[in-house]
Amino acid sequence: MADLSSSRSVYRSFKQILHDRLLKDMLHTVRTTKQSTVWKVLVMDEITVKVMSSSCKMTEITEEGISLVENIGKSRQPLPALDAVYFIQPSQNNVESLIGDMSGKAPRYKRAFVFFSSPVPRNLLNTIKSEASVLARVAVLREVNVEFLTIDTQIMTKLWNIYLEIMARIHAIMNSVLKEFPHVRYRAPNPHAGGSDSKVTARDFVPTRLAAALWDCLMKFKATLSDFPIAETCELVIVDRRIDPVAPIMHEWTYDAMCNDLLDIDGSKYTYEVTTSSGKKERKEVLLADNDPIWMEIRDLHIADASLQLTEKMQEFGKKNEAAQLRLNNKEGQEISTKEMQKLVQALPQFQDQIDKLSLHIHKRAQIATTINDQIKKDGLNDIGKLEQDLVYGEATSKDILSMIDSKQGMSQDNKLRLLLIYAATHPDKLDTAKRLQWTKLAKLSGEDMNTITNLECLGVSLSKKQPEGFSLQFRPRKVSIRPTRKEKNQDEMGWQLSRFYPLIEDVVAELGKNGLPKEQYPYVKLPVSLVGEASVTGQPASAVPLKKPHSVRTIRYNWAAAGKISVGSASSDSGSSTNEPTITGTRIFVFIVGGMTRSELRTMRKLTAQLKREVIIGSTSLDNPQQFLQKLRSLTTIDDID
């Protein structure tokens, strides 16, 4: 049998594959097409522009011959001398705009290279074919099947509401792009997950329905695509927010999570204020993303460790960098010698690049770490965070919450609500009428706040305290919870008291990585024949049989932290160091959470990639900070509002 490793000599991360799909397979092929114009217009819609910007830089797009980026839904000037590259969704409006651009005697562009972000419905394809003048000017008509964001190297988010068929189709598209054929597993419905009298609702079957729809799409791809894998190559598990309703509410104490919880960050964009040399104040915007090596290095550190490391970096920078040393030693009014000025000019380029990155995080007036620490002190988050952890691990009660609320008169409503939600989610069947009235009065909860707590029932939490029944010989089945108990773990990687909490999805993926995930709680959509055969021979349960690795899997080094560590005393980054790069020896693991995911869940997937030596890619309908999750929880209405 031929060794497939030669065809995949370089292991590419999830984000790199999507980057190449857009840049090389789409834009570069257009640039190298004969008789195409040197410069072209890139036309996108509201969705595809987000897809493109999450994977490619503007400089990279320009290098592929794009001189102008346009929105297909807005007014555009005719440029008949230039070709246009359309990267659009296959929607009725987009197709009508395409036809309007390229039909008639005076088309808007010379030729059109059309790339749809997902499969084109037959009726829209027929509409395009019926326009003879348009077909004559369309040089390329293809489906690139990329309609999800890559916010991080190991994260993707859906762009639409929860329509199961659409989500399944996008998942299947993703697997066709990556050439992966997964074992599909899902969280099974369980009536006892949220409390003693929980009932199975339509929400319980969301992972089941999504998994089934996804499997149908994969079977269609397998039947129609010649290069689609014959056998399973990876694993995918689908869960929903019901598995862990606490994780989105907790205060997560890493630098990344604190930034997104306490600061005004729009996606990855942070706006801050600096004072110029003339004394004027200016607002600047910066992306906290993988092109910032300092951000990549400290984002998963506890906020205290991050603050210490930033201080050490500035001190080290001041010692090693000539320009910085001169700047730091130069007091107001002090003259700089000609020799020192020469050294300053020589060191300035690397100084400016590094000081810009450092100033984002520790500048006197716009320092992120200090701003976060100030907010922690102002809100008393150390005490609140400790109480949150104690509630999760059963070491505190609702009386402790009310006592803290009484002692901290300035506590925000959101922090009060988060504490009460954590208690309600971790102590099912405890909320009776008396306690509801007590919470409303002492915590000064509004009717909307109380409804938000009640809406935890939409996530499978049984809230109401059950009334004692008369004597009965009726036996109830033993309660088996699909929501596992959160265990106390050795936090040796952090060592901070406020780092005890971890999201439950970590246990699920860890067990999946060890081939120990129970198939009763996480069944396969279809048990693979190979696993059935091996299970019958070995006598092991099917879920414990190791996944066969394809011939192309081998030991490699994969830099999932992108730019690596920055060396503050050098103009180049220490990208050659592999001490922090996980060794990938196994197949990919995909995790999808319906209902939004958290920064803590993303962080644990990065950690598990290193521990399991398998690239773990997490996806969801959204990436939410606590405020966004609270808003979603407020908007829920009925338990069965998903058909």
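Relevant structure appears above.
Residues numbered from 1 in each chain as written. Predicted model: local features only at pLDDT ≥ 70, side-chain atom pairs only at ≥ 80, totals over all residues. Heavy atoms only, no water.

Quick word on the sheet that holds strand β2 (residues 66-71)
And step 1. The strand order across the open sheet built from five strands is β2-β1-β3-β4-β5, with neighbouring strands paired in parallel fashion. The sheet is open, and its two edges are formed by β2 and β5 (138-143), each paired on a single side. Strand-to-strand twist across the sheet, computed as the mean angle between neighbouring axes with direction ignored, equals 15 degrees.
And step 2. Sheet analysis places strand β1 (residues 40-44) next to strand β3 (residues 83-88), joined by five bridges and oriented parallel. Pairing of methionine 44 across the sheet is with phenylalanine 87, part of β3. (Pairing = 2+ DSSP bridges. Helix = DSSP H or I, 4+ residues; strand = E, 2+ residues; numbered from the N terminus. Axes fitted to C-alpha atoms, helices over the stretch in contact; angles between N-to-C directions.)

Quick word on empty space enclosed by the protein
And step 1. Under the defined criterion, the tally for this structure stands at five cavities of 30 Å³ or more.
And step 2. In this model, the second largest cavity occupies a volume close to 110 Å³.
And step 3. In terms of lining residues, the second largest cavity is bounded by 13 residues, among which Met250, Glu252, Thr598, Arg599 and Pro626 are the most central.
And step 4. For the lining of the second largest cavity, the secondary-structure elements that each account for two or more residues are α9 (255-262) and α22 (599-612).
And step 5. Considering each element in turn, the lining of the second largest cavity owes the most residues, three residues, to α9. (1 Å grid on protein atoms, 1.4 Å probe; cavity = no way out; pocket = protein on both sides within 12 Å on 5 of 7 lines; lining within 4 Å. Points joined across faces, edges and corners; volume = space filled by probe spheres on them.)

Thoughts on unusual backbone geometry
And step 1. One non-glycine residue, asparagine 145, lies in the positive phi region at around 55 degrees.
And step 2. Tracing the chain through its elements places asparagine 145 in the loop between β5 and β6 (149-152).
And step 3. Classification of asparagine 145 by relative accessible area gives buried; the value is 9%.
And step 4. Here asparagine 515, not a glycine, exhibits a phi torsion of approximately 60 degrees, which is positive.
And step 5. When you line up the elements, asparagine 515 lands in the loop between α20 (505-513) and α21 (529-538). (Buried < 20%, exposed > 50% of the residue type's maximum accessible area, 1.4 Å probe, protein only.)

Some details on the packing of helix α16 (residues 398-407) against helix α17 (residues 413-426)
Between two packed helices, the angle of one axis relative to the other and the distance separating the axes together describe the packing.
And step 1. Direction vectors running N to C along α16 and α17 enclose 175 degrees, while the axes themselves pass 10 Å from each other. Here α17 runs roughly antiparallel to α16, going by the angle between their axes. Contacts between α16 and α17 pair Ser398, Ile401, Met404 and Ile405 from the former with Lys416, Leu419, Leu420 and Tyr423 from the latter.
And step 2. Along the lines of polarity and charge, the residues of the contact of α16 with α17 split into six nonpolar, one polar and one charged. (Parallel < 35°, antiparallel > 145°, perpendicular 65-115°, else oblique. Contact = heavy atoms within 4.5 Å. Nonpolar A, V, L, I, M, F, W, Y, C, P; charged D, E, K, R; others polar.)

A few points about the packing of α9 against helix α14 (residues 368-379)
And step 1. It is at 10 Å that the axes of α9 and α14 come closest, and there the two elements cross at 65 degrees. The angle between α9 and α14 places the two elements in the roughly perpendicular class. The interaxial crossing formed by α9 with α14 has left-handed handedness. Mapping the contact onto sequence places Tyr255, Met258, Cys259 and Leu262 in α9 and Ile368, Ala369, Ile372, Gln375 and Ile376 in α14.
And step 2. Considering only residue class, the contact of α9 with α14 consists of eight nonpolar, one polar and no charged. (Left-handed = near helix turned anticlockwise from the far one by under 90°.)

Topic: the pattern of salt bridges
And step 1. Summed over the entire model, instances satisfying the criterion amount to 26 salt bridges.
And step 2. Residue arginine 108 is joined to aspartate 101 by a salt bridge in which the shortest nitrogen-to-oxygen separation is 2.9 Å.
And step 3. What makes aspartate 101 buried here is its relative accessible area of 3%.
And step 4. Put simply, arginine 614 and glutamate 235 hold a salt bridge, and the shortest N to O gap is 2.9 Å. Of this pair, arginine 614 sits in the loop between α22 and β16 (616-620) while glutamate 235 sits in strand β9 (residues 234-240), and the two are 379 residues apart along the sequence. (Salt bridge = Lys/Arg side-chain N within 4 Å of Asp/Glu carboxyl O.)

Some details on the side chain of threonine 452
And step 1. Take threonine 452: it is sitting in helix α19 (residues 447-454).
And step 2. Classification of threonine 452 as buried rests on a relative accessible area of 0%.
And step 3. Among all residues touching threonine 452, those that are not within four sequence positions of it are Leu417, Leu421, Leu630, Leu633 and Arg634.

What about the nonpolar core?
And step 1. Among the nonpolar cores identified, the biggest contains 62 residues, and Tyr255, Ile372, Trp439, Ile453 and Leu456 are the most heavily contacted of them.
And step 2. For this core, the element with the most residues is α17, which contributes eight residues.
And step 3. Setting aside residues up to four positions removed in sequence, tryptophan 439 forms contacts with Ser398, Leu402, Leu420, Tyr423, Leu431, Lys444, Leu445, Met450 and Ile453.
And step 4. Leu22, Leu27, Phe115 and Val594 belong to the second largest nonpolar core, which has 41 residues in total. (Core = buried A, V, L, I, M, F, W, Y, C linked by side-chain atoms within 4.5 Å.)

Considering the packing of aromatic side chains
And step 1. Counted according to the given criterion, the structure contains six aromatic pairs.
And step 2. Ring centres 6.2 Å apart and planes at 20 degrees place the aromatic pair phenylalanine 221 and phenylalanine 228 in the stacked group. Phenylalanine 228 matches phenylalanine 221 in its accessibility class, with the two residues each being buried.
And step 3. Aromatic side chains tyrosine 423 and tryptophan 439 sit 5.8 Å apart centroid to centroid with 75 degrees between the ring planes, which places their arrangement in the edge-to-face category. Here tryptophan 439 lies in helix α18 (residues 433-442) and tyrosine 423 lies in helix α17, a separation of 16 residues in the sequence. (Phe/Tyr/Trp six-rings, centres within 6.5 Å; stacked < 30°, edge-to-face > 60°.)

Some points on the pairing of β3
Within a regular beta strand, the side chains point alternately toward one face of the sheet and then the other, so they alternate between its two faces.
And step 1. Across the six residues of β3, six count as buried, placing the element largely inside the fold.
And step 2. Side chains Asp83, Val85 and Phe87 project from β3 onto one buried face, and the interleaved Ala84, Tyr86 and Ile88 project onto a second face that is buried too.
And step 3. Tracing the backbone out of β3, into helix α4 (residues 92-102) and back to the parallel element strand β4 (residues 112-116) gives a crossover that is right-handed. (Right-handed = clockwise from strand over helix to strand, strands pointing away.)

Considering the environment of aspartate 266
And step 1. Assignment of secondary structure puts aspartate 266 in strand β10 (residues 265-266).
And step 2. Residue aspartate 266 is classed as exposed on the basis of its relative accessible area, which comes to 55%.
And step 3. Taking the C-alpha atoms as reference points, aspartate 266 and leucine 287, 21 residues apart in sequence, are found 9.5 Å from one another.

Points about the environment of glutamate 252
And step 1. Within the element layout of this structure, glutamate 252 appears in the loop between β9 and α9.
And step 2. What makes glutamate 252 buried here is its relative accessible area of 10%.
And step 3. Separated by 249 residues in sequence, glutamate 252 and phenylalanine 501 place their C-alpha atoms 8.2 Å apart.
And step 4. Setting aside residues no more than four positions away along its own chain, glutamate 252 makes contact with Ala257, Met258, Ser600 and Arg603.
And step 5. Of note is the side chain of glutamate 252, whose polar atom sits 2.6 Å from the side chain of arginine 603. (Polar contact = N/O pair within 3.5 Å; in protein donor to acceptor, adjacent residues only side chain to side chain.)

As for α9
And step 1. Among the eight residues in α9, eight count as buried, and that is most of the element.
And step 2. Regarding α9, the residues found buried are Tyr255, Asp256, Ala257, Met258, Cys259, Asn260, Asp261 and Leu262.

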